[in-house]
Amino acid sequence: MAWFHKSKEIAAKPESPKKEDIWIQCPSCKAHIYKDEWEKNLKVCDRCHFHERLTWKERVDVLLDAGTFVELNAKVSWNDPLKFSDSKGPYAEKAVENCEKTGMKESVATGAGKINGIKVAIAIMDFRFMGGSLASGTGEKILQTALYAIRHKLPYIILSASGGARMHEGIISLMQMPKTCAALAQLREANLPYISIMTDPTTGGVSASFAMVGDIHIAEPRSLIGFAGRRVIEETIKQKLPEDFQTAEYLVDHGFVDMIVHRKDMKDMLSKILKYAGCR
Amino acid sequence: MSLDFEKDVAEIESRIEEFKAKNPEPTGTLVKELNRFEMERADKLKEIYANLTPWQTVQVARHPERPLIRDFISGLCSEFIELHGDRLFGDDRGMIGGFATIENHRVMVIGHQKGKDLDEKIKCNFGQACPEGYRKALRLMKLAEKFHIPVVTFIDTPGAFPGRDAEERGQAEAIARNLLEMAALKTPVIAVVTGEGGSGGAIGIGVGDVVLMLSNAVYSVISPEGCASILWRDGTKAAEAANALKITAKSLLQLKIIDEIIPEPVGGAHRDFVTTMKTTKKVLLKHLTSLKKVSPRKLTSRRFDKFAAMGRFN
């Protein structure tokens, strides 16, 4: 009877689904991938291993034991200390738009949860919120979560995804670099592990602060990681840069990243490392 | 060299020159007339510098004759023993440092060097330090900690060098490491923004217990030109971006990013090195004396609180 029910189901749908609902095209190698397969593969291309950027909630699902995540500092939001406006209008409007679009109040979500049973403090940046830029709210949440880790004697994991400091909060954004690093200095003083996970992209003021001072540096395959932008460097040195410049793989070769870990293996790798650090 | 907005002053100055050429040894009413010219010049300069826009301040901060770190060292210190190298890769001429004596204080001086003439500018990359510069700075800071002497940094950079080699040797890591280590450094740190405080390149030696700024210096997350080309999609809108970014000493004092402004003589530091040094020295000595009384433990905890409070609004 199964065939009978099935045909009834199809008949009940007003239209057959559009092809875009069934498959997507890999943004990198352009291969066609069934959407189910893409989701099941955690938005990683099976063929070229391109890792699509994830939302912070998707990251929680991928990394933490189901139902263990508790959000912290949820009330901390963006600020407009400079009353900044550019040619496209006030920053405040743009920030509100980004809040509505993402359901977030800042470019990072923070909290605590478990990785294969090991309790951790975690900060997850989300590129959708103003390019994951580092601003006052971001810095404050990262700092508060470090202090939480110290109070509860937990390891700290930060997933970076950011174009750098947010210009709209000017010097206040720049000061989030020393601010977050000062918090991590306290974490070090407390002898607690800090794992930095660099995802695409980790650049500018984020790479030049908390992302680069981890005990362990892990990157997702092919993530863009660097300080200055490619175009600025090419203009400065008047030379073309190699294709793989500032990729995660390039950074491993130059000694700044410990390992590249595929998204599907990240959780298990984290718990393995945390055990070496004495966490349980 | 006079700046765009100093046209009126330049005009008076050329009149003075002309007058002096005509009257090599003025007497009587001619002296009076010359004095009147000089007064007029001083008033005009005062008027212009009292109303500098943020973008004009950028021009002053970047003035080719502005005092550079070597001027500050020779103007403030009775002794300077330069130290070289990061012990890892090389010696960055864009970041210099060494033991120095300011009155009765032995300190470690560290700072960006832009260079005076073209040869020197090229050697020190126009004050854009490389990873080895930041690592040299850190080595000297750790040395200062070991010897229990305060660190005084002079910040004057367009930004950290955006080059291929700098990236490959870990520009981001070098700056990040300094931020973390400076936060934990168990010796007093005074940072002085003397010219351009260019983003990560500036803060990489800028985590101070006290952060001072010369009155015509600027300090920003990005250059006004860079900001304009990204947010305005037009690099020529730099003046607007400079306004929006709040980069002047006055704004930064209001935002509690800096602790004190070191006033420059009328017409900017480049017009009067002697007065600039005298004022800078006075302010530095005041803070050196008071910071020396604070225990290392208290220093680091106060430093943490200071930076933790930046950008905390609720």
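The structure displayed is predicted, hence computed values, not measured ones. (Residues numbered from 1 in each chain as written. Chains lettered and ligands numbered in written order. Predicted model: local features only at pLDDT ≥ 70, side-chain atom pairs only at ≥ 80, totals over all residues.)

## Focus on the interface of chain B and chain A
With 42 residues of chain B in contact, the opposing surface of chain A contributes 45 residues. Mapped by element, the contributors of at least two residues to the side of chain B that touches chain A are helix 7 (164-168), helix 8 (171-184), helix 9 (199-203), strand 7 (218-220), helix 10 (224-232), helix 11 (238-245) and helix 14 (296-308) of chain B. Ranked by residue count, the leading element in the side of chain B that touches chain A is helix 8 of chain B, at 10 residues. Its residues assigned to classes, the side of chain B that touches chain A comprises 28 nonpolar, seven polar and seven charged. (Contact = placed C-beta atoms within 7 Å. Helix = DSSP H or I, 4+ residues; strand = E, 2+ residues; numbered from the N terminus. Nonpolar A, V, L, I, M, F, W, Y, C, P; charged D, E, K, R; others polar.)

## Digging into helix 13 (residues 273-291) of chain B
Residues and elements named next belong to chain B. Between its terminal C-alpha atoms helix 13 stretches 26 Å, which fits the 27 Å expected from 19 residues at 1.5 Å a residue. Three or more residues of helix 13 are buried, namely T276, T280, L284 and H287. Angular distribution of buried residues about the axis of helix 13 spans 65°; they occupy a single face of the element. Opposite the buried face of helix 13, at more than 90 degrees from it, the exposed residues are V274, K282, K286, T289 and S290. Considering only its buried residues, helix 13 is in contact with helix 4 (69-76), strand 2 (95-102), strand 4 (151-157), strand 5 (189-198), strand 6 (210-214) and strand 8 (260-262). (Expected span 1.5 Å × (residues − 1). Buried ≥ 20, exposed ≤ 12 C-beta atoms within 10 Å, placed from the backbone. Arc of directions from axis to C-beta.)

## A short note on the domain arrangement of chain B
For chain B, the domain assignment lists domain 1 (11-51) and domain 2 (64-308). Computed from C-alpha atoms alone, the centre-to-centre distance between domain 1 of chain B and domain 2 of chain B is 37 Å. (Domains from an automatic or database assignment.)

## Quick notes on the pairing of strand 5 of chain B
All names here are of chain B. The buried fraction of strand 5 amounts to 10 of the 10 residues, a majority that puts the element mostly inside the structure. Here strand 5 runs beside strand 6; their pairing, made up of four bridges, is parallel. Residue pairing for strand 6: V193 is matched across the bridge by M213. Bridge count between strand 5 and strand 7: three bridges; the pairing is parallel. Each bridged residue has a counterpart across the sheet, and for E196 the counterpart in strand 7 is V218. (Pairing = 2+ DSSP bridges.)

## Quick notes on the environment of G115(B)
All names here are of chain B. Assignment of secondary structure puts G115 in the loop between strand 3 (105-112) and helix 5 (118-123). Since 19 C-beta atoms lie within 10 Å of it, G115 is described here as partly exposed. Between the C-alpha atom of G115 and that of V294, which follows or precedes it by 179 residues, the distance is 35 Å. Here G115 is in contact with E120, K121, K123, C124 and F126, once residues within four sequence places are set aside.

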